[in-house]
Amino acid sequence: MYACCIHFLGLRRTAAVALSHELEKLALVGPGPSQWINQVRRRSSLLSSRLEEKVFNEAEISYIKQGQEALKKSMSILGEQDGWKVEIVAENGDKVLSKHLPDIGKVFKLEAVVEKPLDRVYGELVDNMESMGEWNPNVKEIKILQRIGNDTVITHEKAAETAGNIVGPRDFVSVRCNKRRGSTCILAGMSTRFGGMPEQKGYIRAENGPTCMVLHPVLEDPSKTKLTWLLSIDLKGWLPKSIINQVLSQTQVDFAKHLRSRVAMSSN
């Protein structure tokens with residue numbers, strides 16, 4: 001599978017340099033959604049600024065491209081403002097909306113404000129990703145299976161069973177990429193195949209994506225972080241749509257609550 005000839009290595013390096021130059025043109029500055037959505041749309045691929053210094057094998061390049069595609073598709077969905085239906089509005093203002101997309105199905109969008117600076121939220125979601133099972137009851141475990149460069153990882157996630165075992169054990173293998181430009185952070189991902197993590201006994205291998213979280217400081221108060229989470233997921237198995245909709249929208253509301261508790265505790 002891996003190319004080993006000099007010709008292919010040259011092509012990979014050329015492609016890496018070209019993609020890196022595209023990245024250098026990207027400047028996600030300012031918290032306004034119109035800025036980062038429009039700029040992501042104008043870029044067909046995003047790589048770290050050091051990509052040209054590295055040589056990735058064929059499989060690694062494929063994973064990087066998958067992560068970029070997840071980011072591109074997610075941002076395109078978030079950029080479409082029409083057609084969203086309100087699912088939940090919490091007392092604290094957290095809101096979950098949904099819409100149906102012909103080629104993907106139903107997607108959910110959480111809009112919430114976390115009362116902590118962006119760096120703290122970003123650190124918990126990215127740098128401490130494998131600790132999520134400690135504070136999010138909906139996650140049993142997250143393990144990083146492989147790191148590719150600075151921005152891309154392959155992960156295995158075990159979801160916790162829902163109350164009453166309405167939704168049985170699910171797991172996911174995902175490619176995730178994170179991009180931080182100026183005051184905006186984008187964490188995107190989608191399901192992938194990874195030879196080192198076949199389907200696990202006792203778990204249904206579900207699929208997600210495209211999905212992403214967008215973080216940026218609240219314009220009126222930069223000490224707070226605006227979180228937008230796009231969730232697209234196929235739980236597999238036989239489940240009534242009404243149950244799926246209820247579980248997924250509530251999962252997003254619960255996530256915001258648990259994330260607030262975590263960052264508040266870590267700041268003490």
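See the structure printed just above.
Small disclaimer: the values here were computed from a predicted structure and weren't measured. (Residues numbered from 1 in each chain as written. Predicted model: local features only at pLDDT ≥ 70, side-chain atom pairs only at ≥ 80, totals over all residues. Heavy atoms only, no water.)

(A) Region of interest: the overall build of the chain. When helices and strands are tallied, the chain shows 6 helices and 12 strands. Per-residue burial over the chain gives 47% buried out of 268 residues. Across the chain, every contact between residues at least 6 apart in sequence was considered, and the portion connecting residues at least 24 apart equals 61%. As displayed, the chain offers around 13,700 Å² of accessible surface, 51% of which is attributable to carbon and sulfur atoms. (Helix = DSSP H or I, 4+ residues; strand = E, 2+ residues; numbered from the N terminus. Buried < 20%, exposed > 50% of the residue type's maximum accessible area, 1.4 Å probe, protein only. Contact = heavy atoms within 4.5 Å. Areas by Shrake-Rupley, 256 points an atom, 1.4 Å probe, with all protein chains shown as cover.)

(B) Main features of the environment of Arg176. In this structure, Arg176 sits in strand β6 (residues 170–181). Sequence-wise, Arg176 and Thr152 are 24 residues apart; in three dimensions their C-alpha atoms are separated by 5.6 Å. For Arg176, the residues in contact, after removing those within four places along its chain, are Met129, Ile142, Asp151, Thr152, Val153, Thr155, Glu157, Ala188 and Gly189. Of the polar contacts made by the side chain of Arg176, one reaches the side chain of Glu157; its length is 3.1 Å. (Polar contact = N/O pair within 3.5 Å; in protein donor to acceptor, adjacent residues only side chain to side chain.)

(C) Summary view of the state of the cysteines. Taken as a whole and judged by the stated rule, the model has 0 disulfides. In this model Cys177 remains outside any disulfide bridge; the closest cysteine sulfur is found in Cys212, 9.3 Å from its own. Classification of Cys177 by relative accessible area gives buried; the value is 3%. (Disulfide = S-S within 2.5 Å.)

(D) Representation of the pairing of strand β11 (residues 221–231) in the model. Sheet topology note: the strand β3 (residues 105–114)/β11 ladder contains 7 bridges and is antiparallel. Bridging across to β11, Val113 finds its partner in Lys226. Direction of pairing for strand β10 (residues 211–218) relative to β11: antiparallel, over a ladder of 7 bridges. Considered in β11, the bridge of Leu215 is made with Leu227. In sequence, β10 turns back onto β11 through a hairpin of 2 residues. (Pairing = 2+ DSSP bridges.)

(E) Just the side chain of Asp94, in detail. For Asp94, the position within the fold is in the loop between β1 (85–89) and β2 (95–101). For Asp94, the residues in contact, after removing those within four places along its chain, are Ile88, Val89, Glu111, Ala112, Val113, Ala256 and Arg260.

(F) Fine view of the environment of Glu161. Turning to its location among the elements, Glu161 is positioned in the loop between β5 (152–159) and β6. Given the relative accessible area of 49%, Glu161 is considered partly exposed. What Glu161 contacts, discounting residues up to four positions off in sequence, is Val167, Gly168 and Pro169.

(G) Region of the structure containing the pattern of salt bridges. For the structure shown, the criterion picks out 13 salt bridges. The residue Arg260 makes a salt bridge to Asp94 at a minimum N-O spacing of 2.7 Å. With Arg260 in helix α6 (residues 241–266) and Asp94 in the loop between β1 and β2, this pair connects stretches of sequence that are 166 residues apart. As far as burial versus exposure is concerned, Arg260 and Asp94 are alike and both buried. Here Glu157 makes a salt bridge to Arg176, at a shortest N to O gap of 3.1 Å. Here the residue Glu157 occupies a position in strand β5, and Arg176 occupies one in strand β6, the gap between them amounting to 19 residues. Overlapping salt bridges, with partners in common, bring together Asp94, Glu115 and Arg260 in one network. (Salt bridge = Lys/Arg side-chain N within 4 Å of Asp/Glu carboxyl O.)

On their own, these measurements won't tell you what the molecule is for.
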